[in-house]
Amino acid sequence: MELRKCKDKNEVAQAFAAYFAALVADATVFHLALSGGSTPKVVFDLLASEYSSKIDWKKIHFYWGDERCVSPIDEQSNYKMTVEHLFSKIPIPRENIHRILGERDPTAEAMRYANLLEINLERVAGIPQFDLVMLGMGDDGHTASIFPHQIALWETKDHCVVATHPDSGQKRVSINGQVINTAKAVAFLVTGANKAEKVDEILNRKKGFEKYPAALVQPHSGALLWFLDQEAAALL
Ligand code: 6PG
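Residues numbered from 1 in each chain as written. Predicted model: local features only at pLDDT ≥ 70, side-chain atom pairs only at ≥ 80, totals over all residues. Heavy atoms only, no water.

A.B. asks: Tell me about the site of the ligand, and name the residues and values.
C.D. replies: Neighbouring residues of the ligand: 14 residues in total, closest Ser38, Thr39, Asp66, Ala144 and Lys195. In the environment of the ligand, an oxygen atom lies 2.6 Å from a nitrogen or oxygen atom belonging to the side chain of threonine 39. Between an oxygen atom of the ligand and a side-chain N or O atom of aspartate 66, the distance comes to 2.7 Å. Bound to the protein, the ligand loses 88% of the 410 Å² it would expose on its own. Applying the majority rule of atoms within 2 Å of the grid points places the ligand in the largest pocket. (Near = heavy atom within 4 Å. Polar contact = N/O pair within 3.5 Å; in protein donor to acceptor, adjacent residues only side chain to side chain. Areas by Shrake-Rupley, 256 points an atom, 1.4 Å probe, with all protein chains shown as cover. 1 Å grid on protein atoms, 1.4 Å probe; cavity = no way out; pocket = protein on both sides within 12 Å on 5 of 7 lines; lining within 4 Å. Sits in = over half its atoms within 2 Å of the grid points.)

Take a look at the structure:
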């Protein structure tokens with residue numbers, strides 16, 4: 001595991017973008033699972049503004065680690081956020097964008113997406129393997145859309161699961177822990193003072209840390225990077 005401590009969100013974005021560009025440069029085709037929420041916005045904006053000609057974008061196939069079960073034009077949609085901050089600024093072949101269909105029945109979509117991953121990705125011990133999974137972490141220690149109250153979803157046999165947000169009850173489709181830990185590399189991007197406590201508990205393996213899904217991210221490849229700003233790393 002590697003810790004990249006950065007000054008602020010912008011520096012996190014710069015550090016991740018440079019890391020990502022180097023990974024893609026070495027690949028012929030690159031399967032990337034995107035995270036949602038707000039942290040990726042600054043990353044996508046930077047990629048669009050400073051990396052449009054530094055990355056061979058047509059090599060990259062875009063997937064999501066999780067999606068809210070809403071329409072693709074809903075403000076809550078991770079796909080919509082990605083269009084606004086990245087796809088509307090960088091020409092990506094439509095056939096390279098594999099969104100989770102949030103508007104569909106969640107259970108059926110989880111099955112469809114799991115099958116899509118099996119078809120599109122190499123498999124290791126039957127588990128679809130991403131080249132890189134981008135993750136965020138909630139201040140409750142969730143990652144992707146595996147929340148502490150449903151931590152059993154981490155180990156399900158299905159590659160994709162239907163999860164429920166603990167506060168809003170919103171349904172989500174998420175890849176599970178086996179898919180995350182089979183990835184060739186995993187990058188956490190965690191910023192903000194509200195994450196500091198969980199970052200400390202997880203990275204310093206404090207008592208009870210295993211109850212947080214983010215703590216279970218331990219890719220078999222060993223390629224796990226945490227990109228943190230000073231606020232999120234304040235207790236380390
Ligand atoms: C989502 C994300 C989720 C996110 C964390 C952190 O769909 O919301 O995939 O796992 O990464 O909640 O979100 P922020 O980056 O907005 O703090």
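A.B. asks: Could you give an account of the sheet that holds strand 11 (residues 224–229), naming the residues involved and the relevant values?
C.D. replies: Taken together, the six strands give an open sheet; going across it, the order is 1-11-10-7-2-3, and neighbouring strands pair in parallel fashion. One side of each edge strand has no neighbouring strand; the edge strands of this open sheet are strand 1 (2–6) and strand 3 (60–64). Adjacent strand axes in the sheet meet at a mean angle of 20 degrees when their direction is disregarded. One ladder, built from five bridges, connects strand 10 (residues 186–190) with strand 11; its direction is parallel. Across the sheet, the residue bridging to valine 186 is leucine 224, located in strand 11. Sitting on the sheet, helix 4 (residues 106–120) is in contact with strand 2 (30–34) and strand 3, with an inclination near 155 degrees to strand 3. Docked against the sheet, helix 6 (residues 196–203) engages strand 1, strand 10 and strand 11, running at close to 150 degrees with respect to strand 11. (Pairing = 2+ DSSP bridges. Helix = DSSP H or I, 4+ residues; strand = E, 2+ residues; numbered from the N terminus. Axes fitted to C-alpha atoms, helices over the stretch in contact; angles between N-to-C directions. Contact = heavy atoms within 4.5 Å.)

A.B. asks: Outline empty space enclosed by the protein, listing residues and values.
C.D. replies: Over the atoms rolls a probe the size of a water molecule, and its path tells where empty space is left. Considering all chains together, one arrives at one cavity of 30 Å³ or more under this definition. Of the pockets and cavities examined, the largest cavity occupies roughly 40 Å³. In terms of lining, the largest cavity is formed by Phe16, Phe20, Leu32, Leu34, Phe44, Leu47, Phe62, Leu86 and Met134. Broken down by secondary-structure element, the contributors of at least two residues to the lining of the largest cavity are helix 1 (9–25), strand 2 and helix 2 (39–50). Across the lining of the largest cavity, the residue classes tally to nine nonpolar, no polar and no charged. (Points joined across faces, edges and corners; volume = space filled by probe spheres on them. Nonpolar A, V, L, I, M, F, W, Y, C, P; charged D, E, K, R; others polar.)

A.B. asks: Go over the sheet that holds strand 8 (residues 160–164) with me, naming the residues and quoting the values.
C.D. replies: Strand order across the open sheet formed by three strands is 4-9-8, with antiparallel pairing between neighbours. With one partner strand each, in any of the chains shown, strand 4 (66–68) and strand 8 form the two edges of the open sheet. Averaged over all adjacent pairs, the angle separating strand axes in this sheet is 20 degrees, with direction ignored. In the sheet, strand 8 pairs with strand 9 (residues 171–175) via five bridges, with the strands oriented antiparallel. From the neighbouring strand, cysteine 160 faces strand 9, where its bridge partner is isoleucine 175.

A.B. asks: Could you give me a rundown of the packing of aromatic side chains, with the residues and numbers involved?
C.D. replies: Summed over the entire model, instances satisfying the criterion amount to 11 aromatic pairs. Relative to tyrosine 19, the ring of phenylalanine 16 has its centre 6.3 Å away and its plane inclined at 50 degrees; by these criteria the two rings are tilted. With phenylalanine 16 and tyrosine 19 both in helix 1, this residue pair falls three residues apart, about one helical turn. Each member of the pair, phenylalanine 16 together with tyrosine 19, is buried. (Phe/Tyr/Trp six-rings, centres within 6.5 Å; stacked < 30°, edge-to-face > 60°. Buried < 20%, exposed > 50% of the residue type's maximum accessible area, 1.4 Å probe, protein only.)

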